[in-house]
Amino acid sequence: MLYDAVIIGAGLNGMLVYNAFKNIGLNVCIVEKNDILNNKFDDNRTIAISQSTKTFLESLGLWKSLDENFGIINYIYTFEKTTKPILEFAGNEFLGGELGYIVLATNLLNVMFNNICKADIISQDEILEINQDNSICKLKTKNNLTIQSKMVIACNGKNSDFAKKFNIKSFKSSYNQKAITFIANHTNNHNNIAVEQFSSVGPLATLPMKQRNQSGFVWSLRSDLADYIFNTNEEDFLNLLNNELQRVGCIGKILSTNDIISKPRIYPLNIEFLLKKNYGRVIFIGDVLNAIHPVAGQAFNMSVNDIIAICKSIKENIDIGLDFSLPVYLKETSFGIIKNHISLNLSTDLLVRGYSNNNNVAKIFRTISLEIFSSSKHLKSFAVKLATFGV
């Protein structure tokens, strides 16, 4: 069988590409190295959803299947060593409503998986070889399958060596930080407020869940400190966490380790991106293309904007009778996508490095910049639009 597209990887991005491509009438399949047919997803990450991503999920019929099982962000407060926010964003001021939403990754994975025809999944297999000619891609798998497709969408994560098959150069820079992520109950009502607390050792973000006394946490720390805290005993972990929360005070305290309701996870943080988004008929999406610091909470939204752009290009070419998978059209689409990536990468990188630098010159520059930014509605509006729509 000749597919319109083969998708490599059945994570959030891969399954969303499947649903999006099916929606515009393409014949697609997913190749996933793990066993996903048993539908046992265990991913307690919290995913930030922008308004444009929500609109896209609605257009695919996926959002309603979440059955309102999501948190709403009405306000974002940013703190730095004070009890008064240095930056405030309100949804009713910039977007006429909510700033965004928080979804548990497991819930979103289940919703998308339930919308996939299981016959379109090649499970417990992986692509070993890809050969391209003028019209198709020929793929060979570890289990000796041969698959033919007009195009290939690689969504197999930043730890994949897949891009190395094409000798595509990449840029990578470490922040010397690691993130500890978990979900916890707390004493105060979060009031739909997302909090970003900056310090010299790294930012702590809290993200409001559906339950009013429950938030997702992303605690980014200097690598050595993150390892120490992650490996300490439960009581010390809780005390260190509450010391950070006390500086802000918005969500109160976490009373016991039993209130940390998902097992904490830790992973290194860096900025990494490929210098080409596509190679012939192969196009890269998600962390395999661009890994970004979680401080802005935009990794998934950035991927969704890419998928929207690709679907738009494919549909336009189909409507006028052109081969949507020709490398020239994929390259044109990639150029626009990469411009948006550069904007978000630069702003996120400056934010992280600016707050990680604690010398006096950096402090003065940071204070002046924040005062200018905070007093300008136009700059704040641009930041919201960049995060929401990628423009």
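Quick note: structure is the one above.
Quick caveat: nothing in here was measured; it's all calculated off a predicted structure.

Here is what the cut-offs are and how they apply
Residues numbered from 1 in each chain as written. Predicted model: local features only at pLDDT ≥ 70, side-chain atom pairs only at ≥ 80, totals over all residues. Heavy atoms only, no water. Axes fitted to C-alpha atoms, helices over the stretch in contact; angles between N-to-C directions. Helix = DSSP H or I, 4+ residues; strand = E, 2+ residues; numbered from the N terminus. Parallel < 35°, antiparallel > 145°, perpendicular 65-115°, else oblique. Left-handed = near helix turned anticlockwise from the far one by under 90°. Contact = heavy atoms within 4.5 Å. Nonpolar A, V, L, I, M, F, W, Y, C, P; charged D, E, K, R; others polar. Buried < 20%, exposed > 50% of the residue type's maximum accessible area, 1.4 Å probe, protein only. Arc of directions from axis to C-beta. Pairing = 2+ DSSP bridges. 1 Å grid on protein atoms, 1.4 Å probe; cavity = no way out; pocket = protein on both sides within 12 Å on 5 of 7 lines; lining within 4 Å. Points joined across faces, edges and corners; volume = space filled by probe spheres on them. Core = buried A, V, L, I, M, F, W, Y, C linked by side-chain atoms within 4.5 Å.

**Let's talk about the packing of helix 1 (residues 12–23) against helix 4 (residues 105–113)**
Interaxial distance between helix 1 and helix 4 falls to 10 Å at its minimum, and their mutual angle equals 30°. Relative to helix 4, helix 1 is oriented roughly parallel. Taken as a pair, helix 1 and helix 4 cross one another with a handedness that is left-handed. Taking contact as the criterion, the partners of Leu-12, Met-15, Leu-16 and Asn-19 in helix 1 are, on helix 4, Ala-105, Leu-108, Leu-109, Met-112 and Phe-113. A breakdown of the residues in the contact of helix 1 with helix 4 according to their chemical character gives 8 nonpolar, 1 polar and no charged.

**Here's the deal with helix 5 (residues 223–231)**
An α-helical segment advances 3.6 residues per turn. Residues three or four places apart therefore align on the same side. Residues of helix 5 that are buried include every one of Ser-223, Ala-226 and Ile-229, and no others. Axial view of helix 5: buried residues confined to an arc of 130°, hence all on one face. Of the exposed residues in helix 5, the ones pointing more than 90 degrees away from its buried face are Tyr-228 and Asn-231. In this structure, the buried residues of helix 5 make contact with strand 12 (170–185), strand 15 (214–222), helix 6 (234–248) and strand 16 (265–274).

**Looking at the sheet that holds strand 7 (residues 100–104)**
A sheet is described by the order of its strands in space; here 3 strands give the open sequence 3-7-4, paired in antiparallel fashion. At either end of the open sheet lies a strand with only one pairing partner, and these are strand 3 (46–49) and strand 4 (71–73). When strand polarity is set aside, the average angle formed by the axes of neighbouring strands in this sheet is 25°. Summarising the sheet, strand 4 and strand 7 pair through 3 bridges and their orientation is antiparallel. The partner of Ile-73 across the bridge, within strand 7, is Gly-100. Strand contacts of helix 4: strand 3 and strand 7, with the helix running at about 80° to strand 7, the strand carrying the most contacts.

**Examining the layout of surface pockets**
In this model, the second largest pocket occupies a volume close to 280 Å³. Considering the residues around the second largest pocket, the lining is formed by 16 residues, among which Lys-158, Ser-160, Lys-164, Ser-170 and Glu-272 are closest to the centre. Elements represented by at least two residues in the lining of the second largest pocket include exactly strand 12 and strand 16. In terms of residues, the lining of the second largest pocket owes the most to one element, strand 16, which gives 4 residues. Of the residues contributing to the lining of the second largest pocket, the split by class is 6 nonpolar, 4 polar and 6 charged.

**A look at the nonpolar core**
Met-15, Leu-16, Phe-21 and Ile-153 are the most contacted members of the largest nonpolar core, which has 46 residues in total. Of the residues forming this core, the biggest block, 7 residues, is contributed by helix 1. What Leu-16 contacts, discounting residues up to four positions off in sequence, is Phe-56, Leu-57, Leu-60, Leu-62, Met-112, Phe-300, Val-304 and Ile-307. In terms of nonpolar packing, the next biggest core, distinct from the first, is built from 22 residues, Ile-147, Ala-154, Phe-162 and Ala-163 among them.

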